[in-house]
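# Structural overview
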Amino acid sequence: MKRLSKEEKMALKAAANEAPFSAKSLLAEITPLIKSYFIGTPIYEHNALKLVFLNGQAFRISVKEVTEY
C-alpha cells in the first residue's frame, strides 16, 4: 500500500472532521463538474439535477443521504 504524504494525511484528517452537509449542498458541489463534462442545460429540482441534452434526452440525478453503507 502507498505511503501517504504529510499533505495527504492532513487532507484525510480534515475530510474526516468535516461538518455534516446537506444533499442540496452536495448537489451544488458536483454540478460544476457535471457541467464541465457534458453539454446540456442543468435544471435544479428538489435534491435533484435534471440534465436536458441537445438531442432531447433528459436525465435526473438525485441525491439522498443514507445512514447505512
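So, here is what we can say about the structure in this document. (Residues numbered from 1 in each chain as written. Predicted model: local features only at pLDDT ≥ 70, side-chain atom pairs only at ≥ 80, totals over all residues. Heavy atoms only, no water.)

Moving on: the overall build of the protein chain. Within the protein chain, the secondary structure is distributed over two helices and three strands. The linear arrangement of helices and strands in the protein chain, starting from the amino end, is α-α-β-β-β. In terms of C-alpha radius of gyration, the protein chain reaches 16 Å, well past the compact-globule figure of 11 Å for 69 residues. Principal-axis analysis of the C-alpha atoms places the extent of the protein chain at approximately 45 × 25 × 20 Å. Per-residue burial for the protein chain yields a buried fraction of 13% across its 69 residues. A separation threshold of at least 6 residues defines the contact pool for the protein chain, and within that pool the share at least 24 residues apart is 12%. Looking at the protein chain as shown, the accessible area adds up to about 6300 Å², and 60% of this sits on carbon and sulfur atoms. Side chains of the protein chain carry 10 positive and 7 negative charges; the gap between the two charge centres is 3 Å. (Helix = DSSP H or I, 4+ residues; strand = E, 2+ residues; numbered from the N terminus. Rg over C-alpha atoms; globule rule 2.2 N^0.38 Å. Buried < 20%, exposed > 50% of the residue type's maximum accessible area, 1.4 Å probe, protein only. Contact = heavy atoms within 4.5 Å. Areas by Shrake-Rupley, 256 points an atom, 1.4 Å probe, with all protein chains shown as cover. Lys, Arg positive; Asp, Glu negative; His and termini not counted. Charge placed at Lys NZ, Arg CZ, Asp CG, Glu CD.)

Attention shifts here to the pairing of strand 2 (residues 48–53). As judged from the six bridges shared by strand 1 (residues 40–45) and strand 2, these two strands associate in the antiparallel manner. Within strand 2, the position partnered with Y44 by the bridge is L49. Counting the residues between successive antiparallel strands, the hairpin from strand 1 to strand 2 contains two residues, one of them, N47, with a positive phi of roughly 50°. Count of turn residues in the strand 2/strand 3 (residues 58–62) antiparallel hairpin: four residues, of which G56 carries a positive phi of about 95°. (Pairing = 2+ DSSP bridges.)

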